[in-house]
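Results of the structural survey
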Amino acid sequence: MNEKPWMMSAPALTLFGVLLLVPLCMTFFLSFNSFGFYTGIENTVSMENYVEVVSDSYFWEIFGRTFAIALATTFFCALLGVPQAYILYRLSPAWRSIVVLIVIGPLLISVVVRTLGWAILLGNNGVINSALQNWGLIERPIKMMYTSGGIVLALTHVFLPFMVLAVWAALQRKDPAVEAAAESLGARPFTIFRRIVLPQVIPGILSGSLIVFSMAASSFATPAILGGRRVKVVATTVYDEFLNTLNWPLGAAIAMLLLASVMVIMLAWNRLVERRYGEALE
Amino acid sequence: MAFLEAHGLTKTYGETNAVDNLTFTVEKGSFVSLLGPSGCGKTTTLQMIAGFEDPTMGKIKLAGRDLSAIPARDRGLGIVFQSYALFMHMTVAENVAFGLEMRNVDKAERKRRVADALELVHLGHLANRYPRAMSGGQRQRVALARALVIEPELLLLDEPLSNLDAKLREEMQLELRRIQREAGVTTLMVTHDQSEALAMSDRVLVMEKGRLQQEDSPFEVYERPRTSFVSTFLGKSNNFEAELKSVTPTASQLLIAGRGLTGPSVNLKPGTVEVAVRPERIEIVDAADAVITGTVRERIFLGAQWMMNVATPLGDMLVIRRNAGRREAEIGDTVHLSWAPEHMRILPLNEVAA
Ligand SMILES: Nc1ncnc2c1ncn2[C@@H]1O[C@H](COP(=O)(O)OP(=O)(O)O)[C@@H](O)[C@H]1O
Ligand SMILES: [Mg+2]
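A brief structural summary. The shown structure was predicted, so the numbers you read here are calculated from the model rather than taken from an experiment.

Rules of the game
Residues numbered from 1 in each chain as written. Chains lettered and ligands numbered in written order. Predicted model: local features only at pLDDT ≥ 70, side-chain atom pairs only at ≥ 80, totals over all residues. Heavy atoms only, no water. Axes fitted to C-alpha atoms, helices over the stretch in contact; angles between N-to-C directions. Helix = DSSP H or I, 4+ residues; strand = E, 2+ residues; numbered from the N terminus. Parallel < 35°, antiparallel > 145°, perpendicular 65-115°, else oblique. Left-handed = near helix turned anticlockwise from the far one by under 90°. Nonpolar A, V, L, I, M, F, W, Y, C, P; charged D, E, K, R; others polar. Salt bridge = Lys/Arg side-chain N within 4 Å of Asp/Glu carboxyl O. Polar contact = N/O pair within 3.5 Å; in protein donor to acceptor, adjacent residues only side chain to side chain. Contact = heavy atoms within 4.5 Å. Buried < 20%, exposed > 50% of the residue type's maximum accessible area, 1.4 Å probe, protein only. 1 Å grid on protein atoms, 1.4 Å probe; cavity = no way out; pocket = protein on both sides within 12 Å on 5 of 7 lines; lining within 4 Å. Points joined across faces, edges and corners; volume = space filled by probe spheres on them. Near = heavy atom within 4 Å. Areas by Shrake-Rupley, 256 points an atom, 1.4 Å probe, with all protein chains shown as cover.

Describing the packing of helix H3 (residues 57-90) of chain A against helix H7 (residues 148-173) of chain A
All names here are of chain A. Between H3 and H7, the least distance of the axes is 6 Å, while the angle of their chain directions is 45 degrees. It follows from the interaxial angle that H3 and H7 lie oblique. Relative to H7, the crossing made by H3 is right-handed. In terms of residue class, the contact of H3 with H7 is made up of 21 nonpolar, seven polar and one charged.

Observations concerning the pattern of salt bridges
As enumerated under the stated definition, the model contains 30 salt bridges over all chains in all. Ionic pairing is found between Arg65(A) and Glu61(A), a salt bridge with its closest N-O pair at 2.8 Å. Of this pair, Arg65(A) and Glu61(A) both sit in helix H3, four residues apart, which is roughly one turn of the helix. Each member of the salt-bridge network shares a partner with another, and the members are Glu109(B), Arg112(B), Arg113(B), Asp116(B) and Glu151(B).

A short note on the side chain of Asp20(B)
Residues and elements named next belong to chain B. When you line up the elements, Asp20 lands in strand S2 (residues 16-26). Looking at Asp20, its side chain comes within polar contact range of the side chain of Arg211, at 3.3 Å. In contact with Asp20, other than residues within four places in its own chain, are Leu9, Thr10, Gly210 and Arg211.

Looking at helix H1 (residues 42-50) of chain B
All names here are of chain B. Counting buried residues in H1 gives seven out of nine residues, a clear majority hidden from the surface. Among the residues making up H1, those that are buried are Lys42, Thr44, Thr45, Leu46, Met48, Ile49 and Ala50. Gly51 lies just past H1 and shows a positive phi near 100 degrees.

Overview of empty space enclosed by the protein
All names here are of chain B. Counted according to the given criterion, the structure contains four cavities of 30 Å³ or more. Estimated volume of the largest cavity: approximately 70 Å³. Along the walls of the largest cavity sit Glu223, Pro225, Ser231, Ser237, Ala276, Val277, Arg278, Arg281, His343 and Arg345, which together make up its complete lining. Along the lines of polarity and charge, the residues of the lining of the largest cavity split into three nonpolar, three polar and four charged. Each pocket or cavity is described by its volume, and for the second largest cavity that value is around 60 Å³. Lining the second largest cavity, in full, are Thr43, Leu46, Gln47, Ala50, Phe52, Ile79, Phe81 and Asp158. Among the elements that line the lining of the second largest cavity, the one with the most residues is H1, at four residues. Here the lining of the second largest cavity is built from residues that sort into five nonpolar, two polar and one charged.

A short note on the site of ligand 1
Residues and elements named next belong to chain B. With respect to spatial proximity, the complete set of residues near ligand 1 consists of Tyr13, Ala18, Pro37, Ser38, Gly39, Cys40, Gly41, Lys42, Thr43 and Thr44. Separating an oxygen atom of ligand 1 from a backbone N or O atom of Cys40 is a distance of 3.2 Å. For ligand 1, the accessible surface in isolation is 560 Å², of which the surrounding protein chains cover 55%. Here the shell around ligand 1 takes three residues from H1, the largest share from any one element.

Shown next as structure tokens:
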């Protein structure tokens, strides 16, 4: 074995260790401490924070909502991202580079800025409601801010590029002649897409879903701005525990539970993908 | 009447003509090869016939009907792609059945025809396998069965054997011809491999830089190349310049390296020409009968034959001699070379030839 690659990646690994693992471990240990309203954080070791979260239906609701939002976001990203990636794949090279820029461009803009954009659009006096009212299509504004639906909408917009890129990568791995082969056998464009292209990019859709789901489940800025205190998700709850209630150990326990559940879902998903498609497609 | 006709077929990409004014015909039931070096426009030609590329100019007719307004999916041609383009998520039987499904063939008949097609390519026992679990040769047969099951009027093959190793390639040459004969399907094959084209085809179309150089039977293109390119691309050839003095209907007078020689008659005007002689037609003779004298530079023993490189005033000449069980000239020996007049091919001078 050559040792060079290890040595060359050592700085990155160190950075990774310091910046990710250390805070993660600290959070992990913190979650076993206890908190008293007058005493602050006490350096004890117990499972009480975990017991509190698991036994309280309030937290169950928040976890349920978080995963429902993440699932819906994943679904809509797949629904929009797959056709978008296919169109991208079929474009001529000159057009493709322009459209890739349009697809990836949003990633260059802060999530906060993009979410604030959605807030402007979705508010009761926002662009969409004003327009609909002006045209006389609705009488009273439709409530979109501070709803799960609004969060899903914005998250879909935020994470769509990841799905597009994952599916696009899968499209590029497939033999470009298969579509021509199907066409020569008499298939129409939609049939080619459904019967030939789609089944071959399913691994790409699944890996894109994995990325989108885990990012949506742990997203903070978008639910914080569009959901506020009224539609809480796990990440915003953790934030509140840390900064408002100042119950850091409880916040740490919620954060660890989120991390653990996302990881369990990811691993289960990954196993499913590998078992189903690992061998089916090279 | 010709079954497939191409008239002035041209495809331009930007400035360059990938295919340049190509006119040819393919007879019903025959096996025709489109032969040429990589990048000469073979695939582009095939794509235009298949309907995946629109010709910039020219017409393609199949059984008398103009194909230009017919989309690829309605042309009903069988196509085998260089990469095979199998549907990796479908079994062999599903791959083969796909074209029949698209034609709404009912289930019972579909099953029968898929079985027949797989039988034809000797893959009946692997119907339920996935392509990924098959060898290159087997994938090739699946691609062939998938193209043939729709009973195409015309079968198009793009470098069908180029992804196979040498031994399998020879086997598949024979196999492909058998399948083509049994299916009785008119076939146009694209290849850059001259021995493949010679071995398999009824007729060979030699292309260079988008242009048709010659269309003939394999024997004729090898024996009577009409251009310098064809003479060197098919088999080995010694090409050199000569002076054409005069031509009569039965013979021609040539001046080669200062010696007058009689050659076969040719349809060329007197002037500088190119003469091609196959290495296996050159003999080593006594000094008195020599056309040219040279020194052996290299000598390779190939078992059944000797291959020699002889430096002569005409340039390096390749000489191939059958191993007759005698000792041959050694490196450094002076040898006298000669050839029969009828083995000379007199060609128009090719300026670009080295
Ligand atoms: N889509 C295309 N755009 C631009 N040039 C092309 C395209 N397809 C082929 N060519 C050019 O046309 C020429 C012929 O290509 P091709 O038909 O693939 O050759 P062959 O199959 O004989 O190797 C090549 O020089 C190639 O670069
Ligand atoms: Mg080609």
